[in-house]
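Survey of secondary and tertiary structure
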Amino acid sequence: MVFDWQQYLDLAKEQQVAANLESGGSQEAKLRCAISRAYYSVFNIAKAYLKDRENDFALNLAERQKGGEHFSRDEIREAENSLRSIHGHLRNRFKKALGQGKKDGYRQSIAKILQELCDERVEADYESNYSPKPQTLKKQINDAEQLLTYLKKLAELT
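Since the model is a prediction, treat every value here as computed from it, not as a measurement.

Digging into the packing of aromatic side chains
Taken as a whole and judged by the stated rule, the model has eight aromatic pairs. Both rings, one in Phe-3 and one in Tyr-8, keep their centres 5.5 Å apart while their planes meet at 65°; by these two values the pair is edge-to-face. Judged by its relative accessible area of 22%, Tyr-8 falls in the partly exposed class. The rings of Phe-3, Trp-5 and Tyr-8 are connected pair by pair, giving a single aromatic cluster.

What to know about the side chain of Arg-91
As for its placement among the helices and strands, Arg-91 is situated in helix 5 (residues 86–95). One buried charge, Arg-91, has no salt-bridge partner; the nearest side chain with opposite charge is Asp-119, at 6.2 Å.

Section: the environment of Arg-107
Looking at the element boundaries, Arg-107 is found in helix 6 (residues 102–126). We classify Arg-107 as buried; its relative accessible area is 1%. Each C-alpha atom, one on Arg-107 and one on Tyr-150, is 7.8 Å from the other, the two residues being 43 residues apart in sequence. Those residues in contact with Arg-107 that sit more than four places away from it in its chain are Glu-54, Arg-93, Phe-94, Lys-95, Lys-96, Leu-98 and Leu-154. Within the local environment of Arg-107, its side chain forms a polar contact with the backbone oxygen of Lys-96, the two atoms lying 3.4 Å apart.

Some details on the packing of helix 2 (residues 24–52) against helix 7 (residues 134–157)
In a pair of packed helices, the angle between the axes and the distance between the axes together describe the arrangement. Between helix 2 and helix 7, the least distance of the axes is 10 Å, while the angle of their chain directions is 10°. It follows that helix 2 is roughly parallel to helix 7 by the angle criterion. Touching Gln-27, Leu-31, Ala-34, Ile-35, Ala-38, Val-42, Ile-45, Ala-46 and Tyr-49 of helix 2 are Pro-134, Thr-136, Leu-137, Gln-140, Ala-144, Leu-147, Leu-148, Leu-151, Leu-154 and Ala-155, all from helix 7. When grouped by side-chain class, the residues that make up the contact of helix 2 with helix 7 number 16 nonpolar, three polar and no charged.

What counts, and where the lines are drawn
Residues numbered from 1 in each chain as written. Predicted model: local features only at pLDDT ≥ 70, side-chain atom pairs only at ≥ 80, totals over all residues. Heavy atoms only, no water. Phe/Tyr/Trp six-rings, centres within 6.5 Å; stacked < 30°, edge-to-face > 60°. Buried < 20%, exposed > 50% of the residue type's maximum accessible area, 1.4 Å probe, protein only. Helix = DSSP H or I, 4+ residues; strand = E, 2+ residues; numbered from the N terminus. Lys, Arg positive; Asp, Glu negative; His and termini not counted. Salt bridge = Lys/Arg side-chain N within 4 Å of Asp/Glu carboxyl O. Contact = heavy atoms within 4.5 Å. Polar contact = N/O pair within 3.5 Å; in protein donor to acceptor, adjacent residues only side chain to side chain. Axes fitted to C-alpha atoms, helices over the stretch in contact; angles between N-to-C directions. Parallel < 35°, antiparallel > 145°, perpendicular 65-115°, else oblique. Nonpolar A, V, L, I, M, F, W, Y, C, P; charged D, E, K, R; others polar.

And the structure:
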């Protein structure tokens, strides 16, 4: 069964409600967790979009090799290098203009939101001195939902 990454965003919303009812360390832990889950929700949904809808070479390489396809060393090396930073790979793929007007606008917006969500997620996951606020989480969730709207519109144009 395939996991529904939307559930991470739903979990972030549940943590948002719970965090608003608490204060101190427990609230901070919930805010940090929710910020991270909001990002990973849209990260994985965006990754699936690139893999499935745009047949992203690097994301599909392993499955294609299992299916019996053969690739040059250069193709494999390029895919492996690209995936060393899968977070950056996704942002770069969405940043890439395709010369398709409205689609490019959605792609640029998706890349920008992914970057902002990722930056906040890194702070929440790794920085001890980071102090998340409820309004920060609210923005993260709103941005994640906006990204999903852009992905849906992008898919409709395909």
